[in-house]
Protein chains: 4
Amino acid sequence: MHRFALIGAGRIGRIHAANLAALPGATLACVADTDAAAASALAEKFGARVAEPVAAIADESIDALLIASSTDTHATFIEAGAGAGKAIFCEKPLDLDLARAARCLAVAERAGVVLRLGFNRRYDPSFARIRAEITAGRIGALATLSITSRDPSPPPVEYIRRSGGLFRDMMIHDFDMARWLLGEEPVQVYARGACFVDAAIGAAGDVDTAVALLTTGSGRLCQITNSRRCAFGYDQRIEAFGELGMLRADNATATRVEHAHADGFVTEPALPFFLERYADAYRLELADFLTALSGGAEQLATGRDGLRALALADAAQRSHESGQPVAVS
Amino acid sequence: MHRFALIGAGRIGRIHAANLAALPGATLACVADTDAAAASALAEKFGARVAEPVAAIADESIDALLIASSTDTHATFIEAGAGAGKAIFCEKPLDLDLARAARCLAVAERAGVVLRLGFNRRYDPSFARIRAEITAGRIGALATLSITSRDPSPPPVEYIRRSGGLFRDMMIHDFDMARWLLGEEPVQVYARGACFVDAAIGAAGDVDTAVALLTTGSGRLCQITNSRRCAFGYDQRIEAFGELGMLRADNATATRVEHAHADGFVTEPALPFFLERYADAYRLELADFLTALSGGAEQLATGRDGLRALALADAAQRSHESGQPVAVS
Amino acid sequence: MHRFALIGAGRIGRIHAANLAALPGATLACVADTDAAAASALAEKFGARVAEPVAAIADESIDALLIASSTDTHATFIEAGAGAGKAIFCEKPLDLDLARAARCLAVAERAGVVLRLGFNRRYDPSFARIRAEITAGRIGALATLSITSRDPSPPPVEYIRRSGGLFRDMMIHDFDMARWLLGEEPVQVYARGACFVDAAIGAAGDVDTAVALLTTGSGRLCQITNSRRCAFGYDQRIEAFGELGMLRADNATATRVEHAHADGFVTEPALPFFLERYADAYRLELADFLTALSGGAEQLATGRDGLRALALADAAQRSHESGQPVAVS
Amino acid sequence: MHRFALIGAGRIGRIHAANLAALPGATLACVADTDAAAASALAEKFGARVAEPVAAIADESIDALLIASSTDTHATFIEAGAGAGKAIFCEKPLDLDLARAARCLAVAERAGVVLRLGFNRRYDPSFARIRAEITAGRIGALATLSITSRDPSPPPVEYIRRSGGLFRDMMIHDFDMARWLLGEEPVQVYARGACFVDAAIGAAGDVDTAVALLTTGSGRLCQITNSRRCAFGYDQRIEAFGELGMLRADNATATRVEHAHADGFVTEPALPFFLERYADAYRLELADFLTALSGGAEQLATGRDGLRALALADAAQRSHESGQPVAVS
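Just so you know, the residues in each chain are numbered from 1, in the order the chain's sequence is written. Here chains are named by letter from A upward and ligands by number from 1 upward, in the order in which they appear as written. Under the rules for a predicted model, residues below a pLDDT of 70 receive no local features and side-chain atom pairs below 80 are neither given nor counted, while totals for whole chains, interfaces and linings still include all residues. Note that water and hydrogens are dropped before the side-chain values are worked out from all heavy atoms of the structure.

## Some words on the packing of helix α4 (residues 71-83) of chain C against helix α5 (residues 98-111) of chain C
Residues and elements named next belong to chain C.
Next up, step 1: One can describe the packing of α4 onto α5 by two numbers: an axis separation of 9 Å at closest approach and a directional angle of 15°. As far as their axial angle goes, α5 and α4 are roughly parallel. Crossing of α4 over α5 shows left-handed handedness. Along its contact with α4, which presents Ala75, Thr76, Ile78, Glu79 and Ala82, the element α5 presents Arg100, Arg103, Cys104, Val107, Ala108 and Ala111. To get an axis, a line is fitted to the C-alpha atoms, and for a helix only the part in contact is used. The angle between two axes follows their N-to-C directions and goes from 0 to 180 degrees. For helices the rule is a DSSP run of H or I covering at least 4 residues; for strands it is a run of E covering at least 2, with both sets numbered from the N terminus onward. Working definition: roughly parallel below 35 degrees, roughly antiparallel above 145 degrees, roughly perpendicular at 65 to 115 degrees, and oblique for all remaining angles. By definition, turning the near helix anticlockwise from the far helix through less than a right angle yields a left-handed crossing, and turning it clockwise yields a right-handed one. The contact criterion used is simple: two residues touch if any of their non-hydrogen atoms lie within 4.5 Å.

Written out as structure tokens, the structure is:
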């Protein structure tokens, strides 16, 4: 039985807590949060105790940390956890600053602990199937990849200001997905952004609409398109095209009902946001983290994957600012 | 070059005239209609001359008759054409009265002329593909068949009164389709009708909504559903289910555009009515009639097929009236 | 907190136990099964104790019974539970014998206990949405209904022999769905069956392929088609057609991935069977039973609904045997 | 009645001839081709005479030229036709050389003749509907556009060598479509190409796989992806995304039949190539050219549109070669 400490009792923390409760072989032992009320409510619900993060990390009865606190605390908690020999599952990103993220990763690697990043989309059943089919050679050699990722509505500008910008906050998921599906490292990024959704986002120095074009060493091409607004739900789609065909994951909907009337055939909008669309993925990624703890083969992103995705986000940001393609080493 | 006389310059006659004009190996030589203006307009458009039906049928330079006049004239024109040795393509049905239809067919058979009925749906590319796949064994032994056929809106009650009723006027197409796809003769019909669309149809002694259940000799089961009203266009679908799978033909639409918005994903309504949905079918059935004239293999309904479909329609009408299943010999 | 006794630790019992465990406000207190090993394994997993059914029903600390034992025990356990004043959730059917079911229902009604039947499909999100949309008038007055229900492969003949036959064992779900969606009672049933899947099923006196046609008092028409075999998974679809349009629920699939290759565009087969297709439905129906226990409005089938569905199944069986439509009072 | 001379009796010329024959108000008067046999076969079929191009252009009885000859002859024939005061419909491009194309266009403009380019995709019913819906404001302000265009298999390398390269030969259609749908001029192009399909194409100095990213003055972003090979047919799709939703045109198929079997639900591949996919478009564009001759409003690409598309293709080629984004004036 693996005993977990959860650091962060916010929206994502609560999802992880519920998923952990349903997993055989794992126990939520304690919950930490700067919001004491949130921590104790969650702890009570799942029969855990409340603890300070430092104490939780030091606690020898704890095997694993689930870090779902604010981004600026990730690196510190990872380093502390690594020092205490804990296995660590951390929400992305390691840190918004690439150098800081690299130092943190080096600490974890020296400590030899398991460190996995929460790139939940790798566990979406549709995207996971695309990866499996590519790997099985079902479309032959992959040539181009197209990733569409649109949020239903923009976050508050206050959030935008602390987010590191669209490329590091939002497109970073797509960079991880691109690396995971392309089977090769992108060596160059070209990105363009615009502000069509909310002028306040532009005033805060960010974009709300962006596209990127990645090129790998062998010439594979990946297009990514992002928007902070989408009228028809949380638009999450992927197309992988190769010599023998194409794999295409369309949006998920709440039901399979079609309403036919005088204006046409209508199916439901896409699921509203990540909690609905990636409910299965959150559950499966935690189960796979347990597999990792047992030394089994898993698909989770490692700390190093997190660093690579962040490097691509940085390159995209620089490309957007300079108007030039940016090489990624 | 086969020279045709067209009898009937109404809606269907005009379609046949245009299709004939585009067919190599066929010429529209003359047009006959009780509406002289309609006949001469159509004749002029396609370089044909106007003729009385009797004269057209007697004309030795004419090889083939295209009968698209009102239903009550079909049997008479077929018999006259058969007497003159013409090949005959006639819109369905032979006649609304089964005995009259049988006599007419006997005349044509004794004369040894080619007689084909315009069950145009056999030429719909989707339905024809279902037939081809069944025949090729792609779903193994066929077990059940389901046919959906709904008109966009009811015809005038005046038409209903002369139509022979829904089973003979509308469901007769589905009876032909059922026979064609089942690969066996139905031996029993059970039918139920109701009046949900227009009370005047009920007052005229007919129904506007109906279902039928056919059973073949080996026990295959076919469900048919009809409505004289359909909010989303001309609903024309078929499902054939067998031991190895299912073939399903969905409705055709004018474009493949999907509009995603806050209420969902919307595609266009079904094509509005038979002129649009079966445009290809009308073209292909006439081409196949030319094949028949050359002695080639074709899929057209014969006079005998027309008689069988009418017998099923009669049985359905009797079943609806009696509330009992009716055997078909 | 409602304390439950689960009677029956088989496949369905285990599903209910897991769903109960995740429901706030409910506790699985004890498990009974004639297979002691199954009972104790399940009890241990969810922290319950093992009990004899009689003892469990008599136990004053138990509020509610979850009956998932073999069909022939349902009526006895319901009557015992009613005598002990327990709320009862019972898998369908009440009993295979209509008179026995009616007596059992009368006992429960006299006792005034909550009695709900597990017609799980009412909780399928797609079917529930069809019902909600019909009720909201989205397709206007309902005219016809079409229900398709096909199992992936036939059960053992041994099961068939004890099942009461396809109409009572399998189509009973569709009869409940028909009543629930039609908004009126069927007054007549016509049914036809055949044996296309397994000759041994025919030898056991049953059919493996069947269709039924229901007529309601106002003339609404409902077609049902069943098969004990389906090559492409568990085929569960509904179409409701009315004056303003149609609602159509298509099959659910494990992912939304489409594979395009030289032979076409391929999506996955339907989910394999009821455990996968109705996973959500099983969870939601139990939550709604809790709502019922609190006196809230729910959609569960009552004992009386169970009796009506059984009466329709009996009528269908008689119709199949006699070849005649059968009136249902 | 407009009298046409067709210059070029190859594959596209034959399509135009047949479409012209079916158009009221137009007559194919003469056919010219360097291949005399091809010219006379086509002339005979449609009752036209054979002529030398120079004579046809000089012929005072001819109103309009239909230029479907090899690309390197377009500019010369346009200039000659303009000199003779003919209305001109010319297959794209004006010329592979931008300066030459510009001179030719200037000649036509000075002469004041109607000059239209055959960007047939503007007449595809699905793409035309996307344009109409954007224009009608159905998705609000357009933000991003995505165009997918893949040929089923590469042309002979011999063709590649004379083609001007993928960007001028193939992606030029997408550049026209982008301009037409974006409603603004692209001001910058970034393009990347690769050779995944046929090494001989690379040896000939061209690419067979390419993506481009266009940016308009207001910041709208357009992604284009091309491949000279596509296993599942002629892949022609567009997605337009805006503040209120998305318009998406999927591929067309020959039928609407779905085959369900143990491996899933299978629909047909995309239509094989442009003759099938754009059959309607070829017909409609010629009808619209007749509208243009009568001074009516049409959607045809003008000579100036042709020049703009060519300028974008040139920019894409330079971007691909330099690795840098290229501004377009």
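## Things to note about the pairing of strand β13 (residues 257-261) of chain B
Next up, step 1: Counting buried positions along β13 of chain B gives five out of five residues, so the element sits mostly inside the fold.
Next up, step 2: Partly exposed residues are those whose accessible area sits between 20% and 50% of the maximum for their type, while under 20% is buried and over 50% is exposed, using a 1.4 Å probe and protein chains only. Alternating residues of β13 of chain B divide into Val257, His259 and His261 of chain B and Glu258 and Ala260 of chain B, and every residue in both groups is buried.
Next up, step 3: Alignment of β13 of chain B against strand β12 (residues 245-249) of chain D, held across four bridges, turns out to be antiparallel. Each bridged residue has a counterpart across the sheet, and for Glu258 of chain B the counterpart in β12 of chain D is Arg248 of chain D.
Next up, step 4: Here, any two strands with at least 2 DSSP bridges between them count as paired. For β13 of chain B and strand β14 (residues 264-267) of chain B, the ladder comprises four bridges, and the chain directions are antiparallel. Within β14 of chain B, the position partnered with Ala260 of chain B by the bridge is Phe265 of chain B.

## Notes on helix α2 (residues 36-45) of chain D
Residues and elements named next belong to chain D.
Next up, step 1: Within α2, the full set of buried residues consists of Ala38, Ala39, Leu42 and Ala43. Taken down its axis, α2 places every buried residue within 125° of arc, on the same side. Residues Ala36, Ala37, Glu44 and Lys45 are exposed on α2 and point more than 90 degrees away from its buried face.
Next up, step 2: Elements in contact with the buried residues of α2: β1 (2-7), α1 (11-21), β2 (26-32) and β3 (49-50).
Next up, step 3: Polar contacts, as used here, are pairs of N or O atoms within 3.5 Å; protein pairs need one atom able to donate a hydrogen and one able to accept it. Residues neighboring in sequence count only if both atoms are side-chain atoms. Here α2 starts with a cap whose side-chain oxygen sits 3.1 Å from the backbone nitrogen of Ala37, and that cap is Asp35.
Next up, step 4: Looking at the residues trailing α2, positive phi occurs at Gly47, about 70°. Working note: the arc is built from the helix axis to C-beta atom directions.

## Considering the side chain of Arg179 of chain B
Residues and elements named next belong to chain B.
Next up, step 1: Within the secondary structure layout, Arg179 lies in helix α9 (residues 171-182).
Next up, step 2: Its relative accessible area of 12% is what places Arg179 among the buried residues.
Next up, step 3: Within polar-contact distance, the side chain of Arg179 engages the side chain of Glu185 at 2.8 Å.
Next up, step 4: Residues in contact with Arg179, not counting those within four places in the same chain, are Arg122, Glu184, Glu185, Pro186, Asp305, Arg308, Ala309 and Leu312.

## Considerations on the relation of the copies chain D and chain B
Next up, step 1: Note on the identical chains: chain D maps onto chain B by a rotation of 180° and an axial translation of 0.1 Å, with an RMSD of 0.1 Å. Taken together, the rotation and translation describe the operation of a two-fold axis. Relative to the rotation axis, the C-alpha of Ala22 of chain D is the closest in chain D, positioned 4.2 Å from it.
Next up, step 2: Interface overlap between copies is the fraction of interface residues in one copy that are interface residues in the other; for chain D against chain B it reaches 100%, indicating a shared surface. What sets the superposition is a least-squares fit of C-alpha atoms, and only residues with pLDDT of at least 70 in both copies go into it.

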